[in-house]
Amino acid sequence: MNTAFLLMAMYSGRPVIPAEDVARDFFGLTTDKFIRKVSAGDIALPLVRMEASQKCAKGVHLNDLADYVDKRRAAAVKECLQLQGQ
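Quantities reported herein were computed from a predicted structural model and do not represent experimental measurements.

Tallied over the full model, the rule gives 3 salt bridges. Arg 24 is the partner of Asp 21 in a salt bridge, and the nearest nitrogen-oxygen pair spans 3.2 Å. One end of the pair, Asp 21, and the other, Arg 24, are both in helix H2 (residues 19-27), 3 residues apart, so they sit about a helical turn from each other. Residue class for Arg 24 comes out exposed when judged on its relative accessible area of 52%. Where Asp 25 meets Arg 24, a salt bridge forms, and the shortest distance between an N and an O atom there is 3.0 Å.

If you want it as structure tokens, here you go:
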């Protein structure tokens, strides 16, 4: 299963997903808290700014989000296997 393909379907083919959608759908955070965590390095996702302005719209590129989800899954699978002694 291709995560990027599923995200494309979920977000109607948009290449950049608004930060508020990512914050809500994947982290259960407010947009402000999500952006603070990304800026602090707590969430390893690059934010795309649509302009140079600090107040401009921010989003996450679909491929970056897909990579993040895949890495988190790989870490969870590794942890599960370790807990099972494999």
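Turning next to unusual backbone geometry. Despite not being glycine, Ser 12 shows a phi value in the positive range, around 55°. Position of Ser 12 relative to the elements: it lies in the loop between helix H1 (3-10) and strand S1 (16-18). By relative accessible area, Ser 12 is classed as exposed at 68%.

Quick look at the packing of aromatic side chains now. Under the defined criterion, the tally for this structure stands at 2 aromatic pairs. Centre to centre, the rings of Phe 27 and Tyr 68 are 5.7 Å apart; their planes meet at 50°, and the pair counts as tilted. Of the two residues, Phe 27 sits in helix H2 while Tyr 68 sits in helix H4 (residues 62-83), which places them 41 residues apart along the sequence. Exposure remark for Phe 27: the relative accessible area of 23% places this residue in the partly exposed category.

What counts, and at which threshold
Residues numbered from 1 in each chain as written. Predicted model: local features only at pLDDT ≥ 70, side-chain atom pairs only at ≥ 80, totals over all residues. Heavy atoms only, no water. Salt bridge = Lys/Arg side-chain N within 4 Å of Asp/Glu carboxyl O. Helix = DSSP H or I, 4+ residues; strand = E, 2+ residues; numbered from the N terminus. Buried < 20%, exposed > 50% of the residue type's maximum accessible area, 1.4 Å probe, protein only. Phe/Tyr/Trp six-rings, centres within 6.5 Å; stacked < 30°, edge-to-face > 60°.

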